[in-house]
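Residues per chain, in single letters:
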Amino acid sequence: LFARFSVEVAADNVFWMRDDSKIIYVNDSACKQLGYTYQEMTQMYVWDWDVIFSKEIWQEFFQEMLAKRTMTFETLHRTKSGESYPVEIVASIFEYSDKNYLFAFVKDIRDRKEADDFIRLEQKKYKAIVQTAIDGFWMTDLEGQILETNEAFCQMSGFSKKEICSMKISDFVPNRGPLEVNAYIQKDMENNYNRFETRHRHKDGHTYD
């Protein structure tokens, strides 16, 4: 009784399905999310509210579930009013009375998708700013390996972006070995900021301030 109550009040949508995808149980959260009554839901098949799954796809999917026993994946659900939204599903196969059933937890991931889209947009804006900056730019790991650079530094140093991203900071700085460069990196980490002057080596061998 307690386990049934826990499932019923769970924030995630919970479904139990037959091997043909017909619903045999759904919790209150799923009914509210999709806009159907419990009686309506228990007369439906997965393709009645899932945008991606068709009857043919379900048959292939269930065979894969039988082999793997549990899977996590994303799809789109459609409410009774016609609104579609992304979900993440954790599905498992369980056997009862010699029959296979599917048990699924379904999470609405609209907020996560919106956050992911925002992060991608900010990264795109950031990259555009860096790539068009007048000043040279590096991004390195803690060992001084160059991970990213911009066109301004390529022109300044004479190296191509591919060449620069195969190098370390010490390759640009004459008379300073990796240990001395790493000491600067440690100072940057301690202070979160560091500003200093040095000399760099151009690809043709000359140095510049």
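A brief report on the enclosed structure follows. (Residues numbered from 1 in each chain as written. Predicted model: local features only at pLDDT ≥ 70, side-chain atom pairs only at ≥ 80, totals over all residues. Heavy atoms only, no water.)

### Quick look at the pairing of strand β3 (residues 70-78)
Only one face of β3 is covered, namely the one carrying Met 71, Phe 73, Thr 75 and His 77; the face carrying Thr 70, Thr 72, Glu 74, Leu 76 and Arg 78 has none of its residues buried. Bridge count for β3 against strand β4 (residues 84-96) is nine bridges, and the pairing is antiparallel. The residue of β4 that forms the bridge with Arg 78 is Ser 84. What sits between the antiparallel neighbours β3 and β4 is a turn of five residues, in which Gly 82 has the positive phi angle 100°. (Buried < 20%, exposed > 50% of the residue type's maximum accessible area, 1.4 Å probe, protein only. Helix = DSSP H or I, 4+ residues; strand = E, 2+ residues; numbered from the N terminus. Pairing = 2+ DSSP bridges.)

### Concerning the packing of aromatic side chains
For the coordinates displayed, the defined rule picks out 18 aromatic pairs. Aromatic pair Phe 15 and Trp 49: ring centres 5.3 Å apart, planes at 10°, arrangement stacked. With Phe 15 in strand β1 (residues 13-17) and Trp 49 in the loop between α3 (38-41) and α4 (55-68), this pair connects stretches of sequence that are 34 residues apart. The rings of Trp 16, Tyr 25, Tyr 38, Phe 94, Tyr 101, Phe 103 and Phe 105 are connected pair by pair, giving a single aromatic cluster. In this arrangement the basic side chain of Arg 110 is found over the ring face of Tyr 85, its NZ or CZ atom lying 4.5 Å from the centre. (Phe/Tyr/Trp six-rings, centres within 6.5 Å; stacked < 30°, edge-to-face > 60°. Lys NZ or Arg CZ within 6 Å of the ring centre and 35° of its normal.)

### Re the layout of surface pockets
By volume, the largest pocket is sized at about 990 Å³. Lining the largest pocket are 28 residues, with Trp 138, Asp 188, Asn 194, Phe 196 and His 200 sitting closest to its centre. Elements with a contribution of two residues or more to the lining of the largest pocket: β6 (138-140), α6 (151-157) and α8 (178-191). Among the residues making up the lining of the largest pocket, the classes are represented as 14 nonpolar, six polar and eight charged. (1 Å grid on protein atoms, 1.4 Å probe; cavity = no way out; pocket = protein on both sides within 12 Å on 5 of 7 lines; lining within 4 Å. Points joined across faces, edges and corners; volume = space filled by probe spheres on them. Nonpolar A, V, L, I, M, F, W, Y, C, P; charged D, E, K, R; others polar.)

### A short note on a nonpolar patch on the surface
There is a patch of nonpolar side chains on the surface, built from Val 51, Ile 52, Ile 57 and Leu 76 and spanning about 290 Å² of accessible area. Within the element layout of this structure, Leu 76 appears in strand β3. (Patch = residues over 30% accessible without salt bridge, like charges linked within 9 Å, V, L, I, M, F, W, Y side chains within 5 Å. Areas by Shrake-Rupley, 256 points an atom, 1.4 Å probe, with all protein chains shown as cover. Salt bridge = Lys/Arg side-chain N within 4 Å of Asp/Glu carboxyl O.)

### What to know about unusual backbone geometry
One non-glycine residue with positive phi stands out, namely Arg 69, at about 75°. Structurally, Arg 69 can be placed in the loop between α4 and β3. In this structure Arg 69 comes out as partly exposed when scored by relative accessible area, which is 35%. Within the chain, Ser 97 stands out as a residue other than glycine whose phi angle is a positive 55°. Relative to the elements of secondary structure, Ser 97 occurs in the loop between β4 and β5 (99-108).

### A short note on the state of the cysteines
This structure, assessed with the given rule, holds zero disulfides. In this model Cys 165 remains outside any disulfide bridge; the closest cysteine sulfur is found in Cys 154, 7.7 Å from its own. Residue classification places Cys 165 among the partly exposed positions, given a relative accessible area of 27%. (Disulfide = S-S within 2.5 Å.)

### A word on empty space enclosed by the protein
For the structure shown, the criterion picks out one cavity of 30 Å³ or more. In this structure, the largest cavity encloses a volume near 90 Å³. Along its surface, the largest cavity is lined by 15 residues, and Met 17, Val 46, Trp 58, Phe 73 and Ile 89 are the ones closest to its centre. Secondary-structure elements contributing two or more residues to the lining of the largest cavity are β1, α4, β3, β4 and β5. If one sorts the elements of the lining of the largest cavity by residue count, β5 sits on top with three residues.

### Overview of the sheet that holds β4
One open sheet holds the five strands; their spatial order is β2-β1-β5-β4-β3, and the pairing between them is antiparallel. Sheet topology places β2 (23-26) and β3 at the edges, where each strand pairs with a single neighbour. The mean angle between the axes of side-by-side strands here comes to 30°, regardless of whether they run parallel or antiparallel. Bridge count for β4 against β5 is ten bridges, and the pairing is antiparallel. Residue pairing in the sheet places Ala 91 in a bridge with Ala 104 of β5. Sheet strands touched by helix α5 (residues 110-131): β3, β4 and β5. Its angle to β4, the strand with the most contacts, is close to 130°. (Axes fitted to C-alpha atoms, helices over the stretch in contact; angles between N-to-C directions. Contact = heavy atoms within 4.5 Å.)

By themselves, these are just geometric observations and shouldn't be taken as functional.
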